[in-house]
Amino acid sequence: MTNALAAQTQDATAEDAAARDLTDGFHLIIDALKLNGLNTIYGVPGIPITDFGRMAQAEGMRVISFRHEQNAGNAAAIAGFLTKKPGICLTVSAPGFLNGLTALAHATTNCWPMILISGSSEREIVDLQQGDYEEMDQLAIAKPLCKAAYRILHAEDIGIGVARAIRAAVSGRPGGVYLDLPAKLFGQVMDAAAGEKSLVKVIDPAPAQLPGADAVARALDVLKGAKRPLIILGKGAAYAQADESVRAFVERSGIPYLPMSMAKGLLPDDHPLSAGAARSLVLKESDVVVMVGARLNWLLSHGKGKQWGAEPKKFVQIDIEPKEMDSNVEIAAPLVGDIGSVLDSLLAGMGAGWQKPNPEWTDTIRDKVDGNVAKMAPRLMNNNSPMDYHGALGRLKTIIAERPDAILVNEGANTLDFARSIINMSKPRKRLDVGTWGVMGVGMGSAIAAAVETGHPVLAIEGDSAFGFSGMEVETICRYNLPICVVIFNNNGIYRGTDSNENGDGDPATTVFVPDARYDMMMQAFGGVGVNATTPDELARAVNEAMDSGKPTLINAVIDPTAGTESGRIGNLNPQSVVKKK
Ligand code: ADP
Ligand code: TPW
Ligand code: MG
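Residues numbered from 1 in each chain as written. Chains lettered and ligands numbered in written order. Predicted model: local features only at pLDDT ≥ 70, side-chain atom pairs only at ≥ 80, totals over all residues. Heavy atoms only, no water.

**Concerning the overall build of the chain**
A tally of regular secondary structure across the chain gives 24 helices and 19 strands. Its C-alpha atoms give the chain a radius of gyration of 26 Å, near enough to 25 Å, the size a compact globule of 582 residues would have. Taken over the C-alpha atoms alone, the chain extends approximately 80 × 65 × 55 Å along its principal axes. Buried residues in the chain amount to 55% of all 582 residues. Sequence separation of at least 24 residues holds for 76% of the intrachain contacts in the chain that already meet a minimum separation of 6. By element, 53% of the accessible surface of the chain is carried by carbon and sulfur atoms, the whole surface being about 24,400 Å². Each charge class in the chain can be summarised by its mean position, and for the 55 positive and 66 negative side chains these summaries are 7 Å apart. (Helix = DSSP H or I, 4+ residues; strand = E, 2+ residues; numbered from the N terminus. Rg over C-alpha atoms; globule rule 2.2 N^0.38 Å. Buried < 20%, exposed > 50% of the residue type's maximum accessible area, 1.4 Å probe, protein only. Contact = heavy atoms within 4.5 Å. Areas by Shrake-Rupley, 256 points an atom, 1.4 Å probe, with all protein chains shown as cover. Lys, Arg positive; Asp, Glu negative; His and termini not counted. Charge placed at Lys NZ, Arg CZ, Asp CG, Glu CD.)

**Looking at the site of ligand 1**
Every one of the 19 residues lining ligand 1 counts as a neighbour, but Arg173, Lys235, Arg295, Asp319 and Ile339 are closest to it. A distance of 2.8 Å separates an oxygen atom of ligand 1 from a polar side-chain atom of Arg295. A distance of 3.1 Å separates a nitrogen atom of ligand 1 from a polar atom in the backbone of Ile320. Protein burial of ligand 1: of its 580 Å² of free accessible surface, 96% is covered by the chains. Each residue belonging to the shell around ligand 1 can be placed in one class, and the counts come to 7 nonpolar, 6 polar and 6 charged. (Near = heavy atom within 4 Å. Polar contact = N/O pair within 3.5 Å; in protein donor to acceptor, adjacent residues only side chain to side chain. Nonpolar A, V, L, I, M, F, W, Y, C, P; charged D, E, K, R; others polar.)

**What about the side chain of Asp417?**
With respect to the helices and strands, the residue Asp417 is situated in helix α19 (residues 414-422). On the accessibility criterion, Asp417 (7% relative accessible area) is buried. A polar side-chain atom of Asp417 sits 2.5 Å from the main-chain amide nitrogen of Arg569. The contact partners of Asp417, leaving out residues within four places of it in the chain, are Ser567, Gly568, Arg569 and Ile570.

**Comments concerning the sheet that holds strand β4 (residues 87-91)**
What the 6 strands build is an open sheet, ordered β3-β2-β4-β5-β7-β6; its pairing is parallel. The open sheet has two free edges, formed respectively by β3 (62-65) and β6 (148-151), since each of these has just one partner strand. Strand-to-strand, the axes of this sheet are offset by a mean angle of 20°, without reference to chain direction. Both β4 and strand β5 (residues 114-120) contribute to a ladder of 5 bridges, which runs parallel. Counted as the bridge partner of Ile88 is Ile115 from β5. Sitting on the sheet, helix α4 (residues 50-58) is in contact with β2 (40-43), β3 and β4, with an inclination near 140° to β3. (Pairing = 2+ DSSP bridges. Axes fitted to C-alpha atoms, helices over the stretch in contact; angles between N-to-C directions.)

**A closer look at the side chain of Asp338**
Within the fold, Asp338 resides in the loop between β13 (333-336) and α16 (339-350). Among buried Asp, Glu, Lys and Arg side chains, Asp338 stands out as unpaired, with Lys84 the closest opposite charge at 6.5 Å. At 2.8 Å, the side chain of Asp338 and the backbone nitrogen of Gln209 are in polar contact. Beyond its immediate stretch of four places on either side in the chain, Asp338 contacts Ala208, Gln209 and Ile320. (Salt bridge = Lys/Arg side-chain N within 4 Å of Asp/Glu carboxyl O.)

**Re the coordination of the magnesium ion (ligand 3)**
Protein-derived coordination of the magnesium ion (ligand 3) comes from Asp464 (OD), Asn491 (OD1) and Gly493 (O), at a distance range of 2.0 to 2.1 Å. Read N to C, the donor residues that coordinate the magnesium ion (ligand 3) are spaced as D-x26-N-x1-G. Here Asn491 lies in the loop between β17 (484-490) and α23 (520-525) and Asp464 lies in helix α21 (residues 464-468), a separation of 27 residues in the sequence. An identical accessibility class is assigned to Asp464 and Asn491; each is buried. (Donors = N, O, S within 2.8 Å, 3.2 Å for Na, K, Ca; no water.)

**Brief notes about the confidence of the model for the chain**
Predicted confidence across the chain gives a mean pLDDT of 96, with 96% of residues reaching 70 or more. Scored below 50 in pLDDT, residues 1-9 shows 9 contacts in the model against residues more than four places distant or in partner chains. (pLDDT = per-residue confidence, 0-100.)

**As for the site of ligand 2**
Among the 17 residues in the neighbourhood of ligand 2, the closest are listed as Tyr389, Asn414, Thr415, Gly438 and Asp464. Within the backbone of Gly493, a nitrogen or oxygen atom sits 3.0 Å from an oxygen atom of ligand 2. Within the complex, the protein chains bury 76% of what would otherwise be the 590 Å² of accessible surface of ligand 2. Looking at the shell around ligand 2, the elements that each hand over two or more residues are α19 and α21. Ranked by residue count, the leading element in the shell around ligand 2 is α21, at 3 residues. In the shell around ligand 2, the residues fall into 8 nonpolar, 8 polar and 1 charged.

**Some points on the sheet that holds strand β11 (residues 288-292)**
Sheet strands pair via backbone hydrogen bonds, and the direction of the pair is either parallel or antiparallel. The 5 strands are arranged β10-β9-β11-β12-β13 in an open sheet whose pairing can be described as parallel. Looking at strand neighbours, the two that pair on one side only are β10 (257-259) and β13, the edges of this open sheet. Recorded for the sheet is a direction-independent mean angle of 15° between the axes of neighbouring strands. For strand β12 (residues 314-319) and β13, the ladder comprises 4 bridges, and the chain directions are parallel.

**Remarks on the pairing of β12**
Within β12, 5 of the 6 residues are buried, which leaves it mostly tucked inside the rest of the structure. Here β11 pairs with β12 via 5 bridges, running parallel. Counterpart to Val289 in the pairing with β12 is Phe315.

**Quick word on the environment of Leu416**
Among the secondary structure elements, Leu416 is positioned in helix α19. On the basis of relative accessible area, Leu416 is assigned to the buried category, the value being 8%. Counting along the chain gives 233 residues from Leu416 to Ala183, while the straight-line C-alpha distance between them is 42 Å. Non-local contacts of Leu416, meaning those with residues more than four positions away in its chain, are made with Asn410, Glu411, Arg431, Asp433 and Val434.

**Concerning the pairing of strand β14 (residues 407-411)**
Across the 5 residues that make up β14, a large majority, 5, are buried. Of the strand pairs in this sheet, β14 and strand β15 (residues 431-432) are connected by 2 bridges, and their pairing is parallel. Looking across to β15, one finds that Val409 is bridged to Leu432. Viewed along the sheet, the connection from β14 through α19 into β15 turns out right-handed. (Right-handed = clockwise from strand over helix to strand, strands pointing away.)

**Some points on the pattern of salt bridges**
If you walk through the whole model with that rule in mind, you get 21 salt bridges. Ionic pairing is found between Glu324 and Arg173, a salt bridge with its closest N-O pair at 2.8 Å. With a gap of 151 residues between them, Glu324 in the loop between β12 and β13 and Arg173 in the loop between α9 (158-170) and β7 (176-182) connect regions that are remote in the sequence. Judged by its relative accessible area of 8%, Glu324 is buried. A salt bridge links Lys323 to Glu321, with the shortest nitrogen-to-oxygen separation between them at 3.6 Å. Here the residues in one salt-bridge network are Arg123, Asp127, Asp137, Arg151 and Asp180, joined through shared partners.

So this is what it looks like as structure tokens:
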């Protein structure tokens, strides 16, 4: 259909539409999403997408309305990680769009597929800067913050536009995509049959990418020369859903592995080859390291420096993104491809005569792991009141061990670092946290998406500060009656609750909150269960009840305000002044 015709037909009345069998932008977008198996939208309604949300719900999509777009966006981002399909976030123009944009950038940084669909104001007015309602050149602003950004101006382009967005989000290294839909698009009408024909079902959206035979041979040569090899599993490996290949590669090679935080559970944390509790040792002592869907970024001190020991290492790296190779250190054997295909090629090349590493290496690691686990065990059993991190997390560790299908959401500083090392995961993609940026505020969005996408119970372990960034979504949790139990580690502040303001003006210190706050009462305000827990036993009782009942629950866990340390485990990254002012 020509543009002129499209414009003309916009004036058609509803009766006309029924008589002539027309469709419109609203329906075409919904049909395009559904055709591609995208059946859930996370968003906040308003002009110009209020009716779109309503209609999507009426057409059988699940539409989860949030209280703030950033949380809806974080939900879409984690839905992408969990499902390998782009999570969809829907926002209104300018301010809503900007609120969603942080999450789109977060998804892109973490290599998760997501599509931020935003309504926008009229192009003609925006481009002349004539002051339209919520005027903003959203496409230009989104571009540098995501993997791809598109705008659809004509109803007949919706099929192609949505297909492009999906393919851009999931192919190669996944990431966030922005899709700009000006208000006028929604009402554009066209012939229903032509509309249906214009839709595109994306075939093979994330094609397998096989490594070259020479690259596989090179990697196997490097591995065969290794005396103290190590595998590092990253969240890219969890995302790839090549779980059997990952397990087979670790077990057949006999090489110990270290899981990055969101790769925990790809193999159970108590697996005999897990080096999780011997991290410093294996980083220092290994001579060949196989990176599987993990980047040598700040989380691994860029692959160099003290942490990595004095002797130079050889790296084998498996990644779908060729540019990742040599990003921080030289990669001796790059394997560009998808994790399943690459690992299967390596397994085939290893053959029957594969020599597992010398037991001296694996036994050393085992001893270290066993020693560290034994050292930790008694601390996890304490019943101190107020609670410390170990006493509280010891109980939560047991609860998660008893419920391998439950999903753990985790954010904070000390609350994050202690929970990550204390709580074992036994299945893939069950641990969702702050990701590559260490961003606070992902908690409630992640918890909601986890419950919606998987139907499994969710335990969200939240620092009191971390929770505050998305806390209003407890209403959303209650409204949709989701099986989410939020535990707030309430130590009265950021890192510790004991800071004081040096200038004596009566203002509180910058890192402390209202002491002894009762977050549990927030949940009660919306009809959920709220519990104040002051001992590990009380905490365990309340969490067990919540996980069994599936009722929306928030537990205020009273933590000793002196128990934490500044910045948790990354205090070394925190610049501190050495200059004392007189
Ligand atoms: P972590 O934080 O767990 O170390 P990163 O987010 O740093 O993990 O790294 C994940 C890596 O996985 C990214 O470099 C990304 O390109 C890669 N990746 C994502 N999906 C796949 C896939 N299907 N196959 C191969 N590599 C992938
Ligand atoms: C979007 C900086 C890192 S950790 C943290 C902040 C504010 C909160 C730590 O306190 P919490 O945990 O959650 O109470 P605990 O157990 O140590 O007391 N803004 C964003 N992201 C980050 N990372 C910050 C600020 C930060
Ligand atoms: Mg705190």
